[in-house]
Amino acid sequence: MKKLIIFASGSGSNAENIITYFNSGNLAKVSLVLTNKADAKVLQRCERLNIPAFYFNKSAFQSGTLLGMLNNENPDLILLAGFLWKIPSGFIEAFPYKIINIHPALLPKYGGKGMYGNRVHEAVRANSEKETGITIHYVNEHYDEGGIIHQEKVTLTSEDSVENIASKVHELEYEHYPKVIEKLLMDDD
Ligand code: GAR
């Protein structure tokens, strides 16, 4: 059984979707969810789903305490799902091509520091984009710049509100993120 660890900072709807997707098979299991927000909704989701979940602060993140924990867990993949801190280079060196992020736009557009969640959709709407989508990519030392693994697009209309755009993008995320993870795990064998 492959082991997955998820990092999430907020609601955790993607984390829940990944947990339930892999619960229904026997390829992989989410063994741990980690958050940098003590009151993140993802913690409640994990309690309900019976998945160990922990909060960590910046010093644990940067001092190596968390990295030590990850090394002990020895995950097959580390998945960022709405995680907003930059991953330290020590993590990237310890887990090369094993840290994956999902970004709610078609990178390289609408990426970089400060571009997350509805901020991305607001910018997409302000520019009257005719389409947006998701990008699943490897994590490197720069925000949203690692090699692209998979992208999916969705059409927008001038009537789409920020909330509509967010919901179209979430639909793509729920459908494709688990499948892309599954494929990476199978290709790794
Ligand atoms: C998702 O849309 C994810 O793509 C985005 O945050 C949302 C988290 O939602 N990530 C970023 O913006 C990263 N730059 P969730 O907590 O409900 O899964």
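The following refers to the structure shown. Quick caveat: nothing in here was measured; it's all calculated off a predicted structure. (Residues numbered from 1 in each chain as written. Predicted model: local features only at pLDDT ≥ 70, side-chain atom pairs only at ≥ 80, totals over all residues. Heavy atoms only, no water.)

1. What to know about the overall build of the chain
Here is step 1 of the chain: Looking only at helices and strands, the chain has seven helices and seven strands in total.
Here is step 2 of the chain: Across the chain, helices and strands are ordered from the amino to the carboxyl terminus as β-α-β-α-β-α-α-β-α-β-α-β-β-α.
Here is step 3 of the chain: Here the C-alpha atoms of the chain give a radius of gyration of 16 Å, agreeing with the 16 Å that 2.2 N^0.38 yields for 189 residues.
Here is step 4 of the chain: Buried residues in the chain amount to 46% of all 189 residues.
Here is step 5 of the chain: A total accessible area of about 9,500 Å² is found for the chain, and carbon and sulfur atoms account for 48% of it.
Here is step 6 of the chain: The averaged location of the 23 negative side-chain charges in the chain is 3 Å from the averaged location of its 19 positive side-chain charges. (Helix = DSSP H or I, 4+ residues; strand = E, 2+ residues; numbered from the N terminus. Rg over C-alpha atoms; globule rule 2.2 N^0.38 Å. Buried < 20%, exposed > 50% of the residue type's maximum accessible area, 1.4 Å probe, protein only. Areas by Shrake-Rupley, 256 points an atom, 1.4 Å probe, with all protein chains shown as cover. Lys, Arg positive; Asp, Glu negative; His and termini not counted. Charge placed at Lys NZ, Arg CZ, Asp CG, Glu CD.)

2. A short note on the pairing of strand 4 (residues 77-80)
Here is step 1 of the chain: Burial of strand 4 is two-sided: the residues Leu77 and Leu79 facing one way and the residues Ile78 and Leu80 facing the other way are all buried.
Here is step 2 of the chain: Here four bridges tie strand 1 (residues 2-7) to strand 4, and the two strands are oriented parallel to one another. Paired with leucine 4 across the strands is leucine 77, a residue of strand 4.
Here is step 3 of the chain: With three bridges connecting them, strand 4 and strand 5 (residues 99-103) associate as parallel partners. Considered in strand 5, the bridge of isoleucine 78 is made with isoleucine 99.
Here is step 4 of the chain: Taken together, strand 4, helix 5 (residues 89-94) and strand 5 form a β-α-β motif whose crossover is right-handed. (Pairing = 2+ DSSP bridges. Right-handed = clockwise from strand over helix to strand, strands pointing away.)

3. Re the pattern of salt bridges
Here is step 1 of the chain: Tallied over the full model, the rule gives eight salt bridges.
Here is step 2 of the chain: Close ionic contact of glutamate 73 with lysine 3 constitutes a salt bridge, the shortest N to O distance being 3.7 Å. Remark: lysine 3 occurs in strand 1 and glutamate 73 occurs in helix 4 (residues 65-73); sequence separation between them is 70 residues.
Here is step 3 of the chain: The partly exposed category is assigned to lysine 3, whose relative accessible area is 29%.
Here is step 4 of the chain: Residue aspartate 160 pairs with lysine 168 through a salt bridge whose shortest N-O separation is 2.8 Å.
Here is step 5 of the chain: Three or more residues are tied together by salt bridges with common partners; here these are Glu16, Arg45 and Arg48. (Salt bridge = Lys/Arg side-chain N within 4 Å of Asp/Glu carboxyl O.)

4. Re the side chain of glutamate 16
Here is step 1 of the chain: Turning to its location among the elements, glutamate 16 is positioned in helix 1 (residues 13-23).
Here is step 2 of the chain: Every residue in contact with glutamate 16, bar those within four places of it in the chain, is listed here: Arg45, Arg48 and Leu49. (Contact = heavy atoms within 4.5 Å.)

5. With respect to the environment of histidine 103
Here is step 1 of the chain: As for its placement among the helices and strands, histidine 103 is situated in strand 5.
Here is step 2 of the chain: Along the backbone, histidine 103 and glycine 133 are 30 residues apart, and their C-alpha atoms lie at a distance of 8.7 Å.
Here is step 3 of the chain: When near neighbours in sequence (up to four residues on either side) are disregarded, histidine 103 contacts Tyr110, Gly111, Met115, Val120, Gly133, Ile134, Thr135, His137 and Asp144.
Here is step 4 of the chain: At 2.7 Å, the side chain of histidine 103 forms a polar contact with the backbone oxygen of tyrosine 110. (Polar contact = N/O pair within 3.5 Å; in protein donor to acceptor, adjacent residues only side chain to side chain.)

6. A few points about the side chain of asparagine 14
Here is step 1 of the chain: For asparagine 14, the position within the fold is in helix 1.
Here is step 2 of the chain: Residue class for asparagine 14 comes out buried when judged on its relative accessible area of 7%.
Here is step 3 of the chain: Beyond its immediate chain neighbours, meaning those up to four positions away, asparagine 14 contacts Ala81, His170, Glu173, Tyr174 and Tyr177.

7. Describing the packing of aromatic side chains
Here is step 1 of the chain: Counted under the stated rule, the structure contains eleven aromatic pairs.
Here is step 2 of the chain: When the centroid spacing of 5.2 Å and the interplanar angle of 70 degrees are considered together, the rings of phenylalanine 7 and phenylalanine 83 count as edge-to-face. Here the residue phenylalanine 7 occupies a position in strand 1, and phenylalanine 83 occupies one in the loop between strand 4 and helix 5, the gap between them amounting to 76 residues. The same class applies to phenylalanine 7 as to phenylalanine 83, namely buried.
Here is step 3 of the chain: With a centroid separation of 5.0 Å and 80 degrees between ring planes, the pair formed by tyrosine 97 and tyrosine 138 is classed as edge-to-face. (Phe/Tyr/Trp six-rings, centres within 6.5 Å; stacked < 30°, edge-to-face > 60°.)

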